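Secondary and tertiary structure notes
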Amino acid sequence: MKRKWFTICLVLVMATVLGACGGNSSSSSSGETSVLDSGAGEDATELSYWTFVELHGQHFEKMLGKWNTEYPDRQIKLNVTVMPYDDMHNKLSIAVQTGVGAPDISDIELGKFPDFLKGEPQLEPLNDVIDPYRDTIVQSRIDLYSKDGQNYGIPTHVGASVAFYNTEILEAAGVDYKSIVTWEDFKQAGMQVYEQTGKYMGTADTSATWQITQLLAQQGADLTDDSGNPIVNSEEAVKALTMLKDLQDNNVIATIAGGQPDTEEAYGEFNSGNYATAFMPLWQMSRYTNYMSDLSGKIAIAPIPVLEEGMPRSVGGGGTGTVVTKTAKDIQLAKDFLAFAKLSEDANIEIWNTLGFDPVNMDVWNMNDVTHNPDNQFVKYFANNPFEVLNEIKDEIMLIKSTSSSPTINNVLCTVTLNEIFEDGKDVKQALDEAQAQIEQELK
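As the structure is a prediction and not an experimental result, all values here were calculated from the model.

Time to look at the pattern of salt bridges. Under the criterion given, the structure shown has 19 salt bridges. Lys66 is paired through a salt bridge with Asp346; the nearest N and O atoms lie 3.3 Å apart. Of this pair, Lys66 sits in helix 2 (residues 54-70) while Asp346 sits in helix 14 (residues 345-355), and the two are 280 residues apart along the sequence. With a shortest N-O distance of 3.6 Å, Asp87 and Lys91 are connected by a salt bridge. With a gap of four residues between them, Asp87 and Lys91 both fall in helix 3 (residues 85-98), about one helical turn apart. By relative accessible area, which is 34% here, Lys91 ends up partly exposed. Taken together, the shared-partner salt bridges connect Lys62, Lys66, Asp346 and Glu350 into one network.

The subject of this paragraph is the packing of helix 2 against helix 13 (residues 331-342). Helix 13 packs onto helix 2 with a crossing angle of 115 degrees between their chain directions and a minimal axis gap of 9 Å. Here helix 2 lies roughly perpendicular to helix 13, going by the angle between them. In this structure, helix 2 meets helix 13 at a crossing whose hand is right-handed. Side by side, helix 2 and helix 13 meet where His59, Phe60, Met63, Leu64, Lys66, Trp67 and Glu70 of the first sit next to Leu333, Asp336, Phe337, Leu338, Phe340, Ala341 and Lys342 of the second. In terms of residue class, the contact of helix 2 with helix 13 is made up of nine nonpolar, one polar and four charged.

Attention now goes to the pairing of strand 2 (residues 45-51). The element strand 2 is largely enclosed, with a buried count of five among its seven residues. Summarising the sheet, strand 2 and strand 3 (residues 76-82) pair through seven bridges and their orientation is parallel. Looking at strand 3, one finds that Thr51 is bridged to Val82. Following the backbone out of strand 2, through helix 2 and into the adjacent parallel strand 3, one traces a crossover that is right-handed. Bridge analysis of strand 2 against strand 4 (residues 105-109) gives two bridges, and the strand direction is parallel. The partner of Tyr49 across the bridge, within strand 4, is Ile105.

Here we take up the pairing of strand 11 (residues 299-302). Along strand 11, one buried face is formed by Ile299 and Ile301 and the opposite face, lined by Ala300 and Ala302, is buried too. Pairing geometry for strand 7 (residues 161-166) and strand 11, over four bridges, is antiparallel. Considered in strand 11, the bridge of Ala163 is made with Ala302.

Of note, Gly111 is situated in the loop between strand 4 and helix 4 (113-116). Residue Gly111 is classed as buried on the basis of its relative accessible area of 4%. Between the alpha carbons of Gly111 and Tyr291 there is a distance of 25 Å; along the sequence they are 180 residues apart.

About the thresholds
- Residues numbered from 1 in each chain as written.
- Predicted model: local features only at pLDDT ≥ 70, side-chain atom pairs only at ≥ 80, totals over all residues.
- Heavy atoms only, no water.
- Salt bridge = Lys/Arg side-chain N within 4 Å of Asp/Glu carboxyl O.
- Helix = DSSP H or I, 4+ residues; strand = E, 2+ residues; numbered from the N terminus.
- Buried < 20%, exposed > 50% of the residue type's maximum accessible area, 1.4 Å probe, protein only.
- Axes fitted to C-alpha atoms, helices over the stretch in contact; angles between N-to-C directions.
- Parallel < 35°, antiparallel > 145°, perpendicular 65-115°, else oblique.
- Left-handed = near helix turned anticlockwise from the far one by under 90°.
- Contact = heavy atoms within 4.5 Å.
- Nonpolar A, V, L, I, M, F, W, Y, C, P; charged D, E, K, R; others polar.
- Pairing = 2+ DSSP bridges.
- Right-handed = clockwise from strand over helix to strand, strands pointing away.

What follows is the structure, given as structure tokens:
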């Protein structure tokens, strides 16, 4: 059954998006390679896979074992190389341009993906192996990694943005998070929380664009136009940041160490109970379980507030597309395995269990034995079940497009503009007009 999804799209925060997919590898600049055979026989085909996220390699290892069992006549040995983010993307870019040294399969982070689609992509179209899954997967997550009707990457997760509420803080202030529907509700609740507890309801992000893109998506807007050109000073962007600045002026939100919720410094602030809310993609769950253990049982997940009731309440955030290069040793084998490892029902169950990501295959969302497994670490940690929220907002998850302008937009907003607004008190319209001019100049 085809589902109605995503009509608009999200500029990815480079460093944060990297975090979305598991964080920086600690491997050396030359990378660390491990050979996975998972029971493969002597006649197995040896394929190579590059990634910047160690956990992705662990997922592929699990799926390799399943593949070799299910397809004994097409067995694979996989050479997995984990490299630091920039090093991997730089080496991959050179390799595909020269046609020498490229891996058979590789991850490419969303913010980098437009660079690999310029001109004639040196990646294999994946339409034929994606087609069998189109009725069950989130199509716009496939569209992110596409050009001229050809699909070049396969996603790992949806990254639906949600609100993470600290119920202990809210209850101490007499606030029920379930009553928060609009940003005005959030403001009134936040003023009450600050008055009763001295704690902030949420963060004013200065080093990430999660918040502004969430608010743009609600308004059917974007940071780029239909041609991919920057429009950061749009009426909708001014409205979004003016609203956030008003929240800051009323002690509802405040800047946070690290500049946004997905940083090591911010984890400590949340763990200490200094902030009650984070608005982040669902993959932030793993940050809570890994770095904020003191909050176990206290964090509830809910839809993000909206400017006006009826607006969409979520947006997809973060992403990694996995590709097959044109120089792959066995292109069809690599493509078939990639789809099996990332789009199949079994793969998406493993993605939830191993990585804690919201699976791109929505059939999994309704498998109660998987989504409500009492032994699952995420089910045990959170005060309510993540999939109950996902199913509530599944037709409202928007997407903001990543274009060749996105890295420049992100850099200016996250190093200059947001700091000027939230740290220096600069007028929102003036700050965004100056950002637009700077971005246009840098893109010439």
